[in-house]
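# Architecture at a glance
Okay, here's what each chain looks like letter by letter:
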Amino acid sequence: MKSLDKLRKEIDIIDEEVMSLLNKRYELTNEIGKIKKLESISVTNNEREHDILVKTNDFKYQKQIENVYKSIFKVSKDSQTMQSYLLTADASYTYSPFIHNLLGNEYYTPLENVPLDDFINNYHFKGVNITNPYKKTAYEYALENNIELCEYAKKTKVVNFILNDGSLKAYNTDYFGFKEMLNHYNIDLSNLDILVIGNGSTSSTILSVLEEYS
């Protein structure tokens, strides 16, 4: 009989191969998802799923493998259908969909005047950008509903992005973006008088970053 350590080492080798193949499979299913969207094809293909599951009959642990594949089907379909959104009061001015498409995200949709609680409860999403006038409301919603807040969202009491990776996480990416821009271009703010125009959530975020350099 093989030792426990030896058996686990064999499993580790198999796991590495399986994970690599699963990663490749999900890359392919995401590409298929783009084609389905362009050609208005249903995400679910019961006939193909059945054909794949029939192949599990050739294996000793047929039932276990079948259950694994059913989970793979669900994750793949979720990946193909989950979208990214923008919550805004007015989408006429935004370039966000254009920018996201350039970056390869074809599943980005602006939504006007949709309350955040309605969105969270009724939309299947990977991530949602939140713009004025909802950034402070989004922070309060996250606080009230025990959604994990990043450091910058806590500091500014502003949320402009919520990620859904199985659990919800709220961010203030404006803070990070402005701070990184200053650092990237080595902008020296010492001994400068700085005027911030506006009194909304974005201006309060900028002021909060500037306080770090004062």
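See the structure shown above.
This is a predicted model, so every value here is computed, not measured.

This part takes up helix α9 (residues 201–212). Over its 12 residues, α9 extends 17 Å from the first C-alpha to the last, a length consistent with the 16 Å expected when each residue adds 1.5 Å. If you check which residues of α9 are buried, you get Ser201, Ser203, Thr205, Ile206, Ser208, Val209 and Leu210. Buried residues belonging to α9 abut α6 (135–144), α7 (151–156) and α8 (173–184).

Taken together, Asp12, Asp15, Glu16 and Glu17 make up a surface patch of like negative charges. Along the chain, the position of Asp15 falls in helix α1 (residues 4–38).

Let us look at the nonpolar core. By size, the foremost hydrophobic cluster in this structure holds 29 residues, and its most contacted members are Leu116, Phe119, Val128, Val159 and Ile162. If you list the elements that add at least two residues to this core, you get β1 (83–88), α5 (116–122), β3 (125–130), α6, α7, α8 and α9. Looking at which element gives the most residues to this core, the answer is α6, with four residues.

Note that the residue after Asn132, namely Pro133, is joined by a cis bond; omega there is 15°. In this fold, Pro133 is placed in the loop between β3 and α6. The backbone of Asn186 sits at a positive phi, close to 50°, despite the residue not being glycine. Mapping Asn186 onto the fold places it in the loop between α8 and α9. Its identity as a non-glycine residue notwithstanding, Asn191 has a phi of 60°, on the positive side.

Evaluated as defined, the whole model comprises eight salt bridges. Residues Lys2 and Glu10 are paired through a salt bridge, measuring 2.8 Å at the closest nitrogen-oxygen approach. As a salt-bridge pair, Lys155 and Glu212 come within 3.4 Å of each other at their nearest N and O atoms. One end of the pair, Lys155, is in helix α7; the other, Glu212, is in helix α9, and 57 residues separate them in sequence. On the basis of relative accessibility, which here comes to 42%, the residue Lys155 falls in the partly exposed class. By sharing partners, the salt bridges in this structure join Lys63, Glu66 and Lys70 into a single network.

Reading the values: the criteria
- Residues numbered from 1 in each chain as written.
- Predicted model: local features only at pLDDT ≥ 70, side-chain atom pairs only at ≥ 80, totals over all residues.
- Heavy atoms only, no water.
- Helix = DSSP H or I, 4+ residues; strand = E, 2+ residues; numbered from the N terminus.
- Expected span 1.5 Å × (residues − 1).
- Buried < 20%, exposed > 50% of the residue type's maximum accessible area, 1.4 Å probe, protein only.
- Contact = heavy atoms within 4.5 Å.
- Patch = residues over 30% accessible without salt bridge, like charges linked within 9 Å, V, L, I, M, F, W, Y side chains within 5 Å.
- Areas by Shrake-Rupley, 256 points an atom, 1.4 Å probe, with all protein chains shown as cover.
- Salt bridge = Lys/Arg side-chain N within 4 Å of Asp/Glu carboxyl O.
- Lys, Arg positive; Asp, Glu negative; His and termini not counted.
- Charge placed at Lys NZ, Arg CZ, Asp CG, Glu CD.
- Core = buried A, V, L, I, M, F, W, Y, C linked by side-chain atoms within 4.5 Å.

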